[in-house]
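A structural walkthrough
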Amino acid sequence: MKYQGLRRILFEVYFATMPLHAWTITGRGTRKKYFELKASETLPREKLDELQLTRLQIILRHAYETSEFYKQHFDAHGVHPSEITSLNHLEKLPFLSKDNVRENLDSGLISNA
């Protein structure tokens, strides 16, 4: 979707004058991400579910491969990220408590990547 007229000008001004910290956090892909999010607003339910599942699988795989805590937590509950092949499988994921997080802040909770 492309904006026209005054809305386009305001849109361009917004991205041109965005604070420096936003650029360093998200990189120069901010504009692209915005349009991706905008396009996802109108996706059919099946496509949205597919997108959500793909993103969830990426996050779970990253956590499992780069955090010793998450790897041990998943293994202790007999779950592997590759087993999450549907959004209905969310119930397989082990819960984290505040105590889990507090106790493991210094022992591998944070990703090593």
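Here's what I pulled together on the structure shown here. (Residues numbered from 1 in each chain as written. Predicted model: local features only at pLDDT ≥ 70, side-chain atom pairs only at ≥ 80, totals over all residues. Heavy atoms only, no water.)

Our next topic: a nonpolar patch on the surface. A cluster of nonpolar side chains, namely Leu6, Ile9, Leu10 and Val13, defines an oily patch on the protein surface of about 410 Å² accessible area. By secondary structure assignment, the location of leucine 6 is in helix α1 (residues 5-16). The exposure class assigned to leucine 6 is exposed, which follows from its relative accessible area of 60%. (Patch = residues over 30% accessible without salt bridge, like charges linked within 9 Å, V, L, I, M, F, W, Y side chains within 5 Å. Areas by Shrake-Rupley, 256 points an atom, 1.4 Å probe, with all protein chains shown as cover. Salt bridge = Lys/Arg side-chain N within 4 Å of Asp/Glu carboxyl O. Helix = DSSP H or I, 4+ residues; strand = E, 2+ residues; numbered from the N terminus. Buried < 20%, exposed > 50% of the residue type's maximum accessible area, 1.4 Å probe, protein only.)

Let us now look at the side chain of histidine 73. Tracing the backbone shows histidine 73 in helix α5 (residues 68-76). For histidine 73, a relative accessible area of 9% puts it in the buried group. When neighbours within four sequence positions are excluded, histidine 73 is seen to be in contact with Pro94, Phe95, Leu96 and Asn100. (Contact = heavy atoms within 4.5 Å.)

Counting eight residues, the largest nonpolar core is built from Leu53, Leu56, Leu60, Tyr64, Phe74, Val79, Ile84 and Leu93. By residue number, the principal contributor to this core is helix α4 (residues 45-66), which donates four residues. Leave out the neighbours within four places in its chain, and leucine 56 touches Ile84, Leu87 and Leu90. In terms of nonpolar packing, the next biggest core, distinct from the first, is built from five residues, Tyr3, Phe11, Phe15 and Phe35 among them. (Core = buried A, V, L, I, M, F, W, Y, C linked by side-chain atoms within 4.5 Å.)

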